[in-house]
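# Observations on the model geometry
These are the residues of each chain, in order.
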Amino acid sequence: MTGHYGDTERTFAALPPAHGRGFAQTWWGQAWLRALEDAALDSGQVKAGRSIARAGAVGAVSVRPGRITAVVQDRDRTAHRADVLLAELSAEQWDRLLDMTVERAGHVAALLDREMPPHLVEDAASEGIELLPGLGDLEPECDCGAWDHCGHTAALCYQVARLLDQDPFVLLLMRGRGELALLEDLQDRSTAPVEEAPGPEGVDAAEAYAAGDILPPLPVTAELPEKPGPAPSLDTEAPPGPGVDPVAVRHLAARTAVEAHRLLAEALRRPSERPPAVLGLTVAQDAVRLAVDAPDPALTERLANGSGRDPQSLADATRAWRLGGAEALAVLEEGWAPSGDTLARARAALDSAWDEDERPSLRAEGNRWTAVGAPAQVRLGRDGRWWPYRRERERWILAGPAALDPATALSSAELSSAEPQR
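Residues numbered from 1 in each chain as written. Predicted model: local features only at pLDDT ≥ 70, side-chain atom pairs only at ≥ 80, totals over all residues. Heavy atoms only, no water.

For the chain, the count of helices and strands is 15 helices and 11 strands. Out of the 422 residues belonging to the chain, those deemed buried represent 39%. In the chain, 64% of the contacts between residues at least 6 apart in sequence involve partners at least 24 apart. Taken as a whole, the chain presents about 23400 Å² of accessible surface, with 54% of it coming from carbon and sulfur. (Helix = DSSP H or I, 4+ residues; strand = E, 2+ residues; numbered from the N terminus. Buried < 20%, exposed > 50% of the residue type's maximum accessible area, 1.4 Å probe, protein only. Contact = heavy atoms within 4.5 Å. Areas by Shrake-Rupley, 256 points an atom, 1.4 Å probe, with all protein chains shown as cover.)

In this section: helix α2 (residues 43-54). When the terminal C-alpha atoms of α2 are compared, their 16 Å separation across 12 residues agrees well with the 16 Å that a helix rising 1.5 Å per residue should span. Those residues of α2 that sit buried are Val 46, Gly 49, Arg 50, Ile 52, Ala 53 and Arg 54. Looking at the packing, one finds that the buried side of α2 touches α1 (27-39), β4 (67-73), α6 (151-166) and α14 (340-353). The N-cap of α2, judged by a side-chain oxygen 2.9 Å from the amide nitrogen of Gly 44 a few residues on, is Asp 42. Once α2 ends, the next one or two residues include Gly 56, with phi positive near 80°. (Expected span 1.5 Å × (residues − 1). Polar contact = N/O pair within 3.5 Å; in protein donor to acceptor, adjacent residues only side chain to side chain.)

Attention shifts here to the pattern of salt bridges. According to the stated counting rule, one finds 19 salt bridges in the structure shown. A salt bridge links Glu 392 to Arg 390; the shortest N-O distance between them is 3.0 Å. Side by side, Glu 392 and Arg 390 carry an identical accessibility label, which is buried. For Glu 392, the salt bridge is made with Arg 395, and the minimal N-O distance between the two is 3.9 Å. (Salt bridge = Lys/Arg side-chain N within 4 Å of Asp/Glu carboxyl O.)

Turning next to the environment of Gly 176. With respect to the helices and strands, the residue Gly 176 is situated in the loop between α7 (169-174) and α8 (179-191). Of the residues examined, Gly 176 reaches a relative accessible area of 23% and is grouped as partly exposed. Considered as a pair, Gly 176 and Ala 87 are 89 residues apart in the sequence and their alpha carbons are 8.4 Å apart. The residues touching Gly 176, leaving out its near neighbours within four places in the chain, are Pro 65, Glu 88 and Trp 94.

Ordered by their spatial adjacency, five strands build an open sheet running β7-β8-β9-β10-β11, and the pairing between neighbours is antiparallel. Edge positions in the sheet fall to β7 (362-365) and β11 (395-398), since each of these pairs with one other strand and no more. Taking each pair of neighbouring strands and ignoring which way they run, the sheet shows an average axis angle of 30°. Across four bridges, β7 lies against strand β8 (residues 368-371) in antiparallel orientation. By the bridge assignment, Glu 365 is partnered in β8 with Arg 368. Each of β7, β8, β9 (376-380) and β10 (386-392) touches α14; the most contacted strand, β10, lies at about 70° to it. (Pairing = 2+ DSSP bridges. Axes fitted to C-alpha atoms, helices over the stretch in contact; angles between N-to-C directions.)

What follows covers the nonpolar core. The tendency in soluble globular proteins is for nonpolar side chains to be buried as a group. Trp 32, Leu 97 and Met 174 are the most contacted members of the largest nonpolar core, which totals 56 residues. The leading source of residues in this core is α6, at nine residues. Beyond its immediate sequence surroundings of up to four residues, Trp 32 is in contact with Ile 68, Leu 86, Pro 133, Leu 138, Cys 157, Val 160, Ala 161, Leu 164 and Met 174. Listed in part, the 22 residues of the second largest apolar core include Ala 317, Trp 321, Leu 329 and Trp 387. (Core = buried A, V, L, I, M, F, W, Y, C linked by side-chain atoms within 4.5 Å.)

Our next topic: the packing of helix α3 (residues 91-103) against helix α5 (residues 118-126). At their nearest, the axes of α3 and α5 sit 10 Å apart, and the two run at 140° to each other. One way to sum up the angle between α3 and α5 is to call them oblique. In the crossing of α3 with α5, the sense of the turn from one axis to the other is right-handed. From α3, Leu 97, Met 100 and Thr 101 reach across to α5, where they touch Leu 120, Asp 123 and Ala 124. Its residues assigned to classes, the contact of α3 with α5 shows four nonpolar, one polar and one charged. (Parallel < 35°, antiparallel > 145°, perpendicular 65-115°, else oblique. Left-handed = near helix turned anticlockwise from the far one by under 90°. Nonpolar A, V, L, I, M, F, W, Y, C, P; charged D, E, K, R; others polar.)

Attention shifts here to the confidence of the model for the chain. With 84% of its residues at a pLDDT of 70 or more, the chain shows a mean pLDDT of 81. Mean pLDDT across the elements of the chain ranges from a minimum in strand β1 (residues 3-4), with 44, to a maximum in strand β5 (residues 79-85), with 94. (pLDDT = per-residue confidence, 0-100.)

Applying the stated criterion across every chain yields a total of three aromatic pairs. With 5.1 Å between their ring centres and 55° between their planes, Phe 23 and Tyr 158 make a pair best called tilted. On the criterion of sequence distance, the pair formed by Phe 23 in the loop between β2 (10-12) and α1 and Tyr 158 in helix α6 is long-range, its members being 135 residues apart. Judged by relative accessible area, Tyr 158 falls into the buried class, the value being 0%. (Phe/Tyr/Trp six-rings, centres within 6.5 Å; stacked < 30°, edge-to-face > 60°.)

Let us look at the side chain of Thr 370. One can find Thr 370 in strand β8. With a relative accessible area of 9%, Thr 370 lands in the buried category. Here the side chain of Thr 370 touches Gln 377 through a polar contact of 2.8 Å, side chain to side chain. Excluding anything up to four places from it in sequence, Thr 370 contacts Ser 361, Leu 362, Arg 363, Ala 376, Gln 377 and Trp 396.

Moving on, we get to the pairing of strand β3 (residues 61-64). Pairing analysis gives three bridges linking β2 to β3, with the strands arranged antiparallel. Residue pairing in the sheet places Arg 10 in a bridge with Val 63 of β3. Pairing of β3 with β4, which is carried by three bridges, proceeds in the antiparallel orientation. Opposite Arg 64, over in β4, you have Arg 67 as the bridge partner. Where β3 hands over to β4, the hairpin turn is made up of two residues, of which Gly 66 adopts a positive phi near 80°.

Turning to its location among the elements, Ala 40 is positioned in the loop between α1 and α2. Note: C-alpha distance between Ala 40 and Ala 154 (114 residues apart in sequence) is 8.9 Å. Setting aside residues no more than four positions away along its own chain, Ala 40 makes contact with Val 46 and Asp 148.

Here you go:
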């Protein structure tokens, strides 16, 4: 993505057509599109705008505080100037937002990595500051004379979603503050002197500095091991106690090492990269976790019986666990029916995932959409991600990791179905 930088305006060159892909891949880009799709009175205009944007008929996009502008061409090549307005934050709101951002170093780091940290949006909302647009916040203006969103303003919104995916500073500029000015303000706040309350008398600075050479160096920060360490040996001369299964105990120790390695890896990630926390596993779910890489068929059989599964369903469940943990297992075993806003967002994602002439025929049942005439299916998780499934021997099994849009998930399922099964 290229753009001309300035304190109050950025202009982005026209983007190429977006064939075969969704317009928003990030959570904040999807939130932007929900503000358009949920508020538009005419869904036909929204679909027309999506087709116009997908065809690459949106010209260079100008982004300024409170406004985005582009020239959009109809199918008959008629050009229209389209504008979408978004209210700027007040000076007082910007002060509070910047103060909150400085307090968390991870917020600034995420923004510099071109990511919108969820906690920043949540913290701002708790103070009454809405960074992302909500229902009715995207106000359209178009020289075609439409009083609500038309195909031209909708196309502009879809194109801007692609820009937001790559750079959340585009949204902050719309809210009234350019990137350079914003970063300078954050730098000034982070280096501003802070008056400290008088404390107890400490060591003289010169004496402490002079003693630096005789103090031992700080230990080197340990790096995360590439894989979990081996479980402790249980080989002793003493026989196991009554009811103690050495194979099971050894496997429990190994799985505990794997879980400890996973928790440490998550703790070392940036907050914005951490997956949703798993609040607690049921006995049946924990049995699947323990069945992963179980070394003994008898142990696997015990776990299957204890969790109310047969060996085949336990094998399918452990496959799901390897691909996505507790979230993937829940999607495999728990059917549910999306409703309200969740169902509306799912339908919008399905409508925008393919061109009209490319859209497959899907049969819906709860949170599952099955491709008609093909052994492929996508399932919607409660976190909004889409999971690919393939039909194998009269049962559905998870075909790969989750995707942010249904087109990617269905393509993964179809490719998996086409591969020879072992």
